[in-house]
Amino acid sequence: MKILTVIGNRPQFIKAAAVSPALRERNQELLIHTGQHFDDDLSAVFFAELGLPAPDRELGVSLGSNSSQTARMLSALEPVISAEAPDAVLVYGDTNSTLAGALAAAQAGVPLAHVEAGMRSFDRSMPEELNRVLTDHASSLLLCSSDVPVENLRREAVSGTIELVGDVMVDVALKVQPRARQRIDLLAARGVTPGGYVLATAHRAGNVDDPGRLAMLVELLQQLPLPVVLALHPRTRGRLVSGGLLDQLERSDHVTVTPPLGSLELTALVCNARAVVTDSGGLQKEAYLAGVPCITLRPSTEWTETVELGWNTLVDLDSAAAVRALEHDPPSDRPPLYGDGCAGERVVSALTLHVG
């Protein structure tokens, strides 16, 4: 069985690291990197640290609007799928790379498998939500991380086969988090101590492309009562520079601005933080898996279970709400929502059963 896997950003590299090694033990995989995350700090370092096989093809499609980027990826993927004639195309998550891979497979008549299918924030103003929904309705095999997305897909009456496999990010977390949690030296290098800081990231267009909301984000970070380590996405850095706000953050006496972080350092900072403040879907879940409260800089989330259990608080860009959330202690229990660390093997088994 030949599987063509399409990836393009940091969370997808992490997810593929749980699947590709097992997939390659029994099958042929062609790994395509679209180039959506092209910066070495967001791309190459994750391949190296997670042991992900090097991409077989790099399409070099980066930047541009969502529509432009997706169109260019689709155009670049079409001849690859035609030439390689895979038995299935495998995509992860909800990015432009996901949707481009889905459309290219569907238009070529190749079965499509979607890892992390069925996730819903029910906010169609988010590009990621549109990507998720469209990909799911194009998929032949929908691989879900928990019972909630399974029920979402059943309500939508998707035509593909639904399989509950667990969350592949749990596989990676169980391997990386125990080791990363001990790397207090990585915290010391950033001038923070365990439990005494907040890890922050922000990159979504809705937060950083609008100058007014970007200013609110800066204010929120400055209002937090603990030291903040801000791992700065290249997109966000560019917006802060053009808006004249980066100097303001860097002059703050309790905000440490860093470049994008590699997998090990980022995980160490997540595991030892008092809280994670982010608009990233992936980091919301990583925080939950690490037993660290999350404050989400969005009005909605696809990881609804983490909110219902009290581990995730949606504050949008309300600085007062973020401060209040930080004052609360985390819940006393944390159910194992997303699996047992064997999701990657289940993904491969489902592919073999339904495609092979």
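J.: Give me the lowdown on the pattern of salt bridges, citing residues and values where you can.
T.: Inspection of the entire model under this criterion finds 23 salt bridges. Of the charged contacts in the structure, one is a salt bridge between E116 and K285, with a shortest N-O distance of 2.9 Å. Pair noted here: E116 is in the loop between β5 (112-115) and α5 (127-138) and K285 is in helix α14 (residues 281-290), with a separation of 169 residues, a long-range link. The pair formed by E116 and K285 is uniform in burial state, with each residue classed as buried. Between D185 and R183 there is a salt bridge, and its shortest N-O distance comes to 2.9 Å. We classify D185 as partly exposed; its relative accessible area is 43%. Relative accessible area serves as the criterion here: at 29%, R183 is assigned to the partly exposed category.

J.: Quick one: what's the story with the sheet that holds strand β10 (residues 255-258), residue by residue and with numbers?
T.: The six strands are arranged β10-β9-β8-β11-β12-β13 in an open sheet whose pairing can be described as parallel. Of all the strands in the sheet, just β10 and β13 (312-314) have a single pairing partner and so form its edges. Averaged over all pairs of adjacent strands, the angle between strand axes in this sheet comes to 20°, irrespective of strand direction. Sheet topology note: the strand β8 (residues 198-200)/strand β9 (residues 228-231) ladder contains three bridges and is parallel. Looking at β9, one finds that A200 is bridged to L230.

J.: Any details on the nonpolar core? Residues and values, ideally.
T.: Within soluble globular proteins, side chains that are nonpolar tend to cluster in buried spots. Counting residues in hydrophobic clusters, the biggest one holds 52 residues, and the most contacted among them are L90, L143, Y197, L199, L269, V347 and L351. Among the elements that take part in this core, helix α1 (residues 10-26) stands out by supplying eight residues, more than any other. When sequence neighbours within four positions are dropped, the list of residues in contact with L351 reads M1, I3, L23, L90, A113, L141 and G356. Grouped together as the second largest cluster of nonpolar side chains are 28 residues, L220, L249, L297 and A322 included.

J.: Before we move on, can you summarise unusual backbone geometry with the specific residues and values?
T.: Of note in this structure, A85 is not a glycine but carries a positive phi near 45°. Relative to the helices and strands, A85 is located in the loop between α3 (66-84) and β4 (88-92). With phi around 55°, A157 is a residue other than glycine that occupies positive phi space. Take A157: it is sitting in the loop between α6 (147-156) and β7 (161-164).

J.: Give me the side chain of H233: which residues, what numbers.
T.: Following the sequence through the fold, H233 ends up in the loop between β9 and α11 (234-242). A distance of 3.0 Å separates a polar side-chain atom of H233 from the backbone nitrogen of R235.

J.: So what about the sheet that holds strand β2 (residues 28-33)? Which residues, and what values?
T.: Spatially, the seven strands line up as an open sheet ordered β3-β2-β1-β4-β5-β6-β7, and their pairing is parallel. The open sheet has two edge strands with one neighbour each: β3 (57-58) and β7. In this structure, strand β1 (residues 2-7) lies alongside β4, joined through four bridges in parallel fashion. Note on β4: the bridge partner recorded for T5 is L90.

J.: I'd like to hear about the pairing of strand β6 (residues 141-144), residue by residue, with values.
T.: What you see with β6 is no split at all: L141 and L143 on one side and L142 and C144 on the other are buried throughout. As paired strands, β5 and β6 are joined by three bridges and run parallel to one another. Each bridged residue has a counterpart across the sheet, and for H114 the counterpart in β6 is L142. Crossover β5 to β6 through α5 is right-handed. In this sheet, β7 lies alongside β6 in parallel orientation, the contact comprising four bridges. In the sheet register, L142 faces β7, and the bridge partner there is I162. Note on the crossover from β6 through α6 to β7: the handedness is right-handed.

J.: Describe in detail α3, supporting the description with residues and values.
T.: Taking 1.5 Å per residue as the helical rise, α3 with its 19 residues ought to reach 27 Å, and the 27 Å between its terminal C-alpha atoms agrees with that figure. Those residues of α3 that fall on the buried side of the exposure criterion are Q69, T70, M73, L74, L77, V80, I81 and E84. The secondary structure elements touched by the buried residues of α3 are β1, β2, β3, β4 and α4 (96-108). Looking one or two residues beyond α3, the residue adopting positive phi is A85, at roughly 45°.

J.: Please provide a residue-by-residue account of the side chain of S280, values included.
T.: Among the structural elements, S280 can be located in the loop between β11 (275-278) and α14. Not counting residues up to four positions away in its chain, the partners in contact with S280 are T201, H203, R204 and R298.

J.: Can you tell me about the environment of V148, naming the residues and giving the values?
T.: Within the secondary structure, V148 sits in helix α6. Considering only alpha carbons, one finds V148 and E305, 157 residues apart in sequence, at a separation of 8.0 Å. Setting aside chain neighbours within four positions, we find V148 in contact with T304 and E305.

J.: Just give me the short version of the environment of L326, but keep the residues and values in it.
T.: The residue L326 is located in helix α16 (residues 319-327) in this model. With a relative accessible area of 6%, L326 lands in the buried category. Taking the C-alpha atoms as reference points, L326 and L217, 109 residues apart in sequence, are found 16 Å from one another. Among all residues touching L326, those that are not within four sequence positions of it are V198, L224, P225, L226, R274, A275 and I295.

Rules and cut-offs
- Residues numbered from 1 in each chain as written.
- Predicted model: local features only at pLDDT ≥ 70, side-chain atom pairs only at ≥ 80, totals over all residues.
- Heavy atoms only, no water.
- Salt bridge = Lys/Arg side-chain N within 4 Å of Asp/Glu carboxyl O.
- Helix = DSSP H or I, 4+ residues; strand = E, 2+ residues; numbered from the N terminus.
- Buried < 20%, exposed > 50% of the residue type's maximum accessible area, 1.4 Å probe, protein only.
- Pairing = 2+ DSSP bridges.
- Axes fitted to C-alpha atoms, helices over the stretch in contact; angles between N-to-C directions.
- Core = buried A, V, L, I, M, F, W, Y, C linked by side-chain atoms within 4.5 Å.
- Contact = heavy atoms within 4.5 Å.
- Polar contact = N/O pair within 3.5 Å; in protein donor to acceptor, adjacent residues only side chain to side chain.
- Right-handed = clockwise from strand over helix to strand, strands pointing away.
- Expected span 1.5 Å × (residues − 1).

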